[in-house]
Amino acid sequence: MSIEQADVQQALEILGDGARLDILGEHADLLRYAESAITAQHSERRLRVRVRVDRNGRSVAGSLETLDPDAVRSLADRLSAAIADLPAGPTPPATDHADRTDRADHSVPTPVIPAAASVLESDPAVRHRWFATVRDGLDSSAKLGGAIRYDVLDRVVADATGLFRAETLTKASIQAIAKQDGRSASVRLMHRDADQLPIEEIPDRLRAALRPLPTTEARHGTCRVLLKPQAANALIATYGYAVLGANAYATGRSVVSGRLGEQVASELVTLVDDGCDPDGLPSGFDAEGNVRRRTPLIDHGVLVGLVSDRRRAGLTGGVPTGHAVPDGWRFGGDPVPSHLLLDAGTSTDDELLAETGSGLVVNRLDYLRVLHPKETLVTGTTRDATYWAEDGELVGWHPQLRFTFRMDEVMNAIIGIGSTRERCDQTFMESVVVPSLLIEAGPLILP
């Protein structure tokens, strides 16, 4: 799928002054499997056109699934009628006006992020080969489930003032979940280039995770907890989403509001947002067309930055960091991090396990649901391989459990960081690159 510039310009002319388009062409090929057999192959094409019109202090938005002129004209009529029915809005303060318009620097070049031919070509035989490699590498008594997905995203952001940014992003991912004798383990890998994924390593990782240990009794109370990268992914992504956006900070809804320059996390924590770092899944600009800028957020535990859009650019030196979200986004309208990277530490996995002593080892958190954003209170469950360790050795499988905790307390209780990072994602964040995290006993209480 390609998005023709002529079609975009035609749509902008129909929509008139103050119009902005955020267009996403999605091309996905999916292979699903369960019980070690392929269950579905699916290919999907979709065009999503988000339209925003700002005119005379009023603002309206709508969406389409086509750039057909008649459809655009029909939406333009509805938006114009909606604008006419709105009461006149207040004149924006001079500073806000500057943030909305003068700071939209069209001269800043769009970062060049090359698409991967391995995904663009989308050969289904490769996905079948990946599936066979993982399935055949497991013990015959193990059952394999999961999915392999190739995504190609064509993105365009353009407006009536001459802004036009375009890019094509690629992503290949595999989720492999192995079940054996009532136990389960999972591996999830992703890369913009399918040829870079080490598929052959997955069977060994799954077999190691499915080690035949006894099942222990559920432990209660406090203990050290070792979060492996896929589990740390949920913590860091959810913390960044709830805490590190400029609007949440400015309106007092962030637990770190008013604390720029202060210690807000363990001194081991250094966190940046960088949409162009190849360790993540790069993308070059946000929904307003602002280029993504490398944004230091936490430096050795000290809050040093936030992510912003044009409206909140005043908090980031007058320049948006490139974190505006799409209109109508289901996760809200405020700027939030998109590509988080947590610095690696110096400890190997064995060293972190030894430092855990007697405690819990969590390979994956199924999700974290925010219960109270200002307090960073969340709840979530462990999933797949969860172990109990004694004296730095894994001694048994621990029953799955639900955690309810404050993320800010956990971020302050990090006492060890692994030396190996993994590339992850979330439905509300494009990529998260994290190592293992060792949490001191206290904030993660076993119920």
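Up top you'll find the structure we're talking about.
Residues numbered from 1 in each chain as written. Predicted model: local features only at pLDDT ≥ 70, side-chain atom pairs only at ≥ 80, totals over all residues. Heavy atoms only, no water.

1. Examining the pairing of strand β7 (residues 224–227)
Consideration 1: Where β7 and strand β12 (residues 359–362) come together, four bridges link them in parallel fashion. By the bridge assignment, Arg224 is partnered in β12 with Gly359.
Consideration 2: Relative to strand β21 (residues 437–439), β7 is paired through three bridges, and the arrangement is antiparallel. Note that in β21 the partner of Leu226 across the bridge is Leu438. (Pairing = 2+ DSSP bridges. Helix = DSSP H or I, 4+ residues; strand = E, 2+ residues; numbered from the N terminus.)

2. A few points about the packing of aromatic side chains
Consideration 1: This structure, assessed with the given rule, holds seven aromatic pairs.
Consideration 2: An aromatic cluster of three or more residues is present, and its members are Tyr241, Trp329, Phe331 and Phe428.
Consideration 3: The ring centre of Tyr150 lies 4.8 Å from the NZ or CZ of Arg127, which sits over that ring.
Consideration 4: The lysine or arginine in question, Arg211, covers the ring of Tyr387, its NZ or CZ lying 5.7 Å from the ring centre. (Phe/Tyr/Trp six-rings, centres within 6.5 Å; stacked < 30°, edge-to-face > 60°. Lys NZ or Arg CZ within 6 Å of the ring centre and 35° of its normal.)

3. Considering the side chain of Ser347
Consideration 1: With respect to the helices and strands, Ser347 occurs in the loop between β11 (339–342) and α9 (349–356).
Consideration 2: Residue contacts for Ser347: discarding those within four places in its chain leaves Leu352, Ile417, Gly418 and Ser419. (Contact = heavy atoms within 4.5 Å.)

4. Quick word on unusual backbone geometry
Of all residues except glycine, most have a negative phi; of all peptide bonds, most are trans.
Consideration 1: Backbone geometry at Ser122 places phi at a positive 50°, although glycine is not the residue there.
Consideration 2: Summarising the element assignment, Ser122 is placed in the loop between α4 (117–120) and α5 (124–136).
Consideration 3: With phi around 50°, Asp391 is a residue other than glycine that occupies positive phi space.
Consideration 4: The residue Asp391 is located in the loop between β15 (386–390) and β16 (393–397) in this model.

5. Observations concerning the sheet that holds strand β17 (residues 402–406)
Consideration 1: An order of β13-β14-β17 is seen for the three strands of this open sheet, with the pairing classed as antiparallel. Only two strands of the sheet have a single neighbouring strand rather than two, namely β13 (369–372) and β17. Between one strand axis and the next, the sheet turns through 25° on average, direction left out of account.
Consideration 2: Two elements, strand β14 (residues 377–381) and β17, share five bridges in a ladder whose sense is antiparallel. The partner of Val378 across the bridge, within β17, is Phe405. (Axes fitted to C-alpha atoms, helices over the stretch in contact; angles between N-to-C directions.)

6. Looking at helix α1 (residues 5–15)
Consideration 1: Burial in α1 covers these residues: Val8, Ala11, Leu12 and Leu15. Buried residues of α1, viewed axially, fall in a sector of 100°; they line one side. Facing away from the buried side of α1 by over 90 degrees, the exposed positions are Ala6 and Glu13.
Consideration 2: Contacts made by the buried residues of α1 are with β1 (19–34), β2 (37–55), α2 (69–85), β4 (143–159) and β5 (164–180).
Consideration 3: Just beyond α1, the residue with positive phi is Gly16, at close to 85°. (Buried < 20%, exposed > 50% of the residue type's maximum accessible area, 1.4 Å probe, protein only. Arc of directions from axis to C-beta.)

7. Topic: the packing of α1 against α2
Consideration 1: In contact at an axis separation of 9 Å, α1 and α2 are set at 30° when each is read in the N-to-C sense. Compared by their axis directions, α1 and α2 come out roughly parallel. Between α1 and α2 the crossing geometry is right-handed. Judged by residue contacts, Gln10, Ala11, Ile14 and Leu15 of α1 engage Pro69, Val72, Arg73, Ala76 and Leu79 from α2.
Consideration 2: Among the residues forming the contact of α1 with α2, the class breakdown is seven nonpolar, one polar and one charged. (Parallel < 35°, antiparallel > 145°, perpendicular 65-115°, else oblique. Left-handed = near helix turned anticlockwise from the far one by under 90°. Nonpolar A, V, L, I, M, F, W, Y, C, P; charged D, E, K, R; others polar.)

8. A word on the pairing of β14
Consideration 1: Burial within β14 is extensive, with four of its five residues counted as buried.
Consideration 2: Summarising the sheet, β13 and β14 pair through three bridges and their orientation is antiparallel. Residue Val370 lies in a different strand from β14, and its bridge partner there is Val378.

9. Observations concerning the nonpolar core
Consideration 1: Formed by 55 residues in total, the largest nonpolar core has its most connected members in Ile236, Tyr239, Leu360, Phe403, Phe405 and Leu437.
Consideration 2: A total of nine residues in this core trace back to one element, the largest contributor, which is helix α7 (residues 229–243).
Consideration 3: Sequence-distant contacts of Ile236, that is, excluding residues within four places in its chain, are made with Leu271, Leu340, Leu342, Met411, Val432, Val434 and Leu437.
Consideration 4: Grouped together as the second largest cluster of nonpolar side chains are 38 residues, Leu138, Ala142, Leu189 and Leu210 included. (Core = buried A, V, L, I, M, F, W, Y, C linked by side-chain atoms within 4.5 Å.)

10. Section: helix α6 (residues 202–209)
Consideration 1: Inspection of α6 places Ile202, Pro203, Leu206 and Ala209 among the buried residues, and these make up the whole buried set. Down the axis of α6, the smallest arc covering the buried residues is 130°, so these residues share one side.
Consideration 2: Buried residues belonging to α6 abut α5, β5, β6 (183–191), β15 and β16.

Remember, this is a structural readout, not a statement about activity or role.
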